[in-house]
Amino acid sequence: MSQANNFIPYTKKTFELNEMLERSSAYYKWLDGRRSLRTFSDKPIDKAVIENIILSASTAPSGAHKQPWIFCAVNNPTIKSQIRKAAEEEEYTNYNGRMTEDWLKDLEPFATDWHKPFLEIAPWLIIVFKKTYDVEEDGSKQKNYYVNESVGLATGFLLTAIHNAGLVALTHTPSPMNFLQKILDRPENEKPFLLIPVGYPTQDATVPDLTRKPLADIAQFY
Ligand code: IYR
């Protein structure tokens, strides 16, 4: 019998309107406090916290429940240095010719450049890989579905779990990212999706003074 034929009762409770309003508003306010950071403290984080964060990410829905992701958590300084070196090589080329003038202009408010010290300073780097297909024990390939959507959702859950732990992260996209596959010795069916440094903010951390689009600009009710 296939797994999907095993249906069990769904028993999570629902809320009355007042409580629902309170909870949804409080959740929004809490989540609105999440910010991407680029300055991390080197203060260590217990591996058990990172495990909980990854488990939280793994609760995301995925196409046909294939869970087409793997989260590589790097704490080892030598591997972090290798990642920084390779990322900075790619980013140097990006910032010096590969990115368009418009793109560089759009990035000015964030004061980014090719230097990525946080890749060595942050205590953990979580590299999210997408599994474009699965490989069975007999070597045969099995298709995964909606891989980008699934892994994007899991990464969203990951960021929320990091925020909930009182930690900060950056969704970093060194491009191209195939050096991560090599450094971490990942198999052919796994492709890097995002690189996420996780840590405490530095005490003097600042973030760009951004505003989020108002509801009227992001929602349309019918
Ligand atoms: N990957 C580069 C450039 C970059 C691109 C975007 I779009 C950003 O929002 C931020 C950075 C870098 O990490 O610097």
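Our structure's up above, just so we're on the same page.
Residues numbered from 1 in each chain as written. Predicted model: local features only at pLDDT ≥ 70, side-chain atom pairs only at ≥ 80, totals over all residues. Heavy atoms only, no water.

The next thing to look at is the overall build of the protein chain. Check the secondary structure of the protein chain and you find 8 helices and 6 strands. Secondary structure elements of the protein chain, listed N to C terminal, follow the sequence α-α-β-α-α-α-β-β-β-α-β-α-β-α. Dimensions of the protein chain, computed from C-alpha atoms along their principal axes, come out at roughly 55 × 50 × 40 Å. Out of the 222 residues belonging to the protein chain, those deemed buried represent 33%. (Helix = DSSP H or I, 4+ residues; strand = E, 2+ residues; numbered from the N terminus. Buried < 20%, exposed > 50% of the residue type's maximum accessible area, 1.4 Å probe, protein only.)

Moving on: the site of the ligand. Around the ligand, the neighbouring residues are Arg38, Glu91, Tyr95, Met99, Trp103, Leu107, Lys116, His172 and Thr173. One nitrogen or oxygen atom from the side chain of Tyr95 is found 2.5 Å from an oxygen atom belonging to the ligand. Interatomic distance of 3.1 Å between a backbone N/O atom of Thr173 and a nitrogen atom of the ligand. Against a free-state accessible area of 370 Å², the protein chains account for coverage of 70% of the ligand. Looking at the shell around the ligand, its residues break down into 4 nonpolar, 2 polar and 3 charged. (Near = heavy atom within 4 Å. Polar contact = N/O pair within 3.5 Å; in protein donor to acceptor, adjacent residues only side chain to side chain. Areas by Shrake-Rupley, 256 points an atom, 1.4 Å probe, with all protein chains shown as cover. Nonpolar A, V, L, I, M, F, W, Y, C, P; charged D, E, K, R; others polar.)

What follows concerns the packing of aromatic side chains. Two numbers describe a pair of aromatic rings. These are the distance of the centres and the angle of the planes. In the structure shown here, the tally under the stated rule is 4 aromatic pairs. Arranged with centres 6.3 Å apart and planes meeting at 50°, the rings of Phe40 and Phe118 form a pair that is tilted. Within this pair, whereas Phe40 is found in the loop between helix H1 (17–31) and helix H2 (47–57), its partner Phe118 is found in helix H5 (residues 118–121), the two being separated by 78 residues in sequence. With respect to burial, Phe40 and Phe118 carry one shared label: buried. Above the plane of the ring of Tyr200 lies Lys43, whose end atom (NZ or CZ) is 4.3 Å from the centre. (Phe/Tyr/Trp six-rings, centres within 6.5 Å; stacked < 30°, edge-to-face > 60°. Lys NZ or Arg CZ within 6 Å of the ring centre and 35° of its normal.)

Here we have 4 strands laid out as an open sheet, ordered E1-E2-E6-E5, and antiparallel in their pairing. The two strands at the open ends of the sheet, each matched to only one other strand, are strand E1 (69–74) and strand E5 (168–169). The pairing of strand E2 (residues 124–131) with strand E6 (residues 190–199) spans 8 bridges and is antiparallel. Across the sheet, residue Lys131 finds its bridge partner in E6, namely Glu190. Against the sheet, helix H6 (residues 147–164) contacts E1, E2, E5 and E6, and its axis sits at roughly 10° relative to E6. (Pairing = 2+ DSSP bridges. Contact = heavy atoms within 4.5 Å. Axes fitted to C-alpha atoms, helices over the stretch in contact; angles between N-to-C directions.)

Any empty space left between the atoms is revealed when a probe the size of a water molecule rolls over them. Empty space within the largest pocket amounts to approximately 700 Å³. Considering the residues around the largest pocket, the lining is formed by 31 residues, among which Ser36, Arg38, Phe110, Leu170 and Thr171 are closest to the centre. When residues of the lining of the largest pocket are traced back to their parent elements, those giving at least two are helix H3 (77–98), helix H4 (101–107), H6 and E5. Ranked by residue count, the leading element in the lining of the largest pocket is H3, at 4 residues. In terms of residue class, the lining of the largest pocket is built from 13 nonpolar, 10 polar and 8 charged. Considered as a void within the structure, the second largest pocket measures approximately 180 Å³ in volume. (1 Å grid on protein atoms, 1.4 Å probe; cavity = no way out; pocket = protein on both sides within 12 Å on 5 of 7 lines; lining within 4 Å. Points joined across faces, edges and corners; volume = space filled by probe spheres on them.)

For H3, built from 22 residues, the straight-helix expectation of 32 Å at 1.5 Å per residue is met to within 8% by its first-to-last C-alpha distance of 29 Å. Listing the buried residues of H3 in full gives Lys80, Ile83, Ala86, Ala87, Glu88, Glu90, Glu91, Asn94 and Tyr95. Residues of H3 that are buried make contact with E1, H4, H5, E2, helix H7 (178–183) and E6. Its side-chain oxygen placed 2.8 Å from the backbone nitrogen of Thr78, Asn76 serves as the N-cap of H3. (Expected span 1.5 Å × (residues − 1).)

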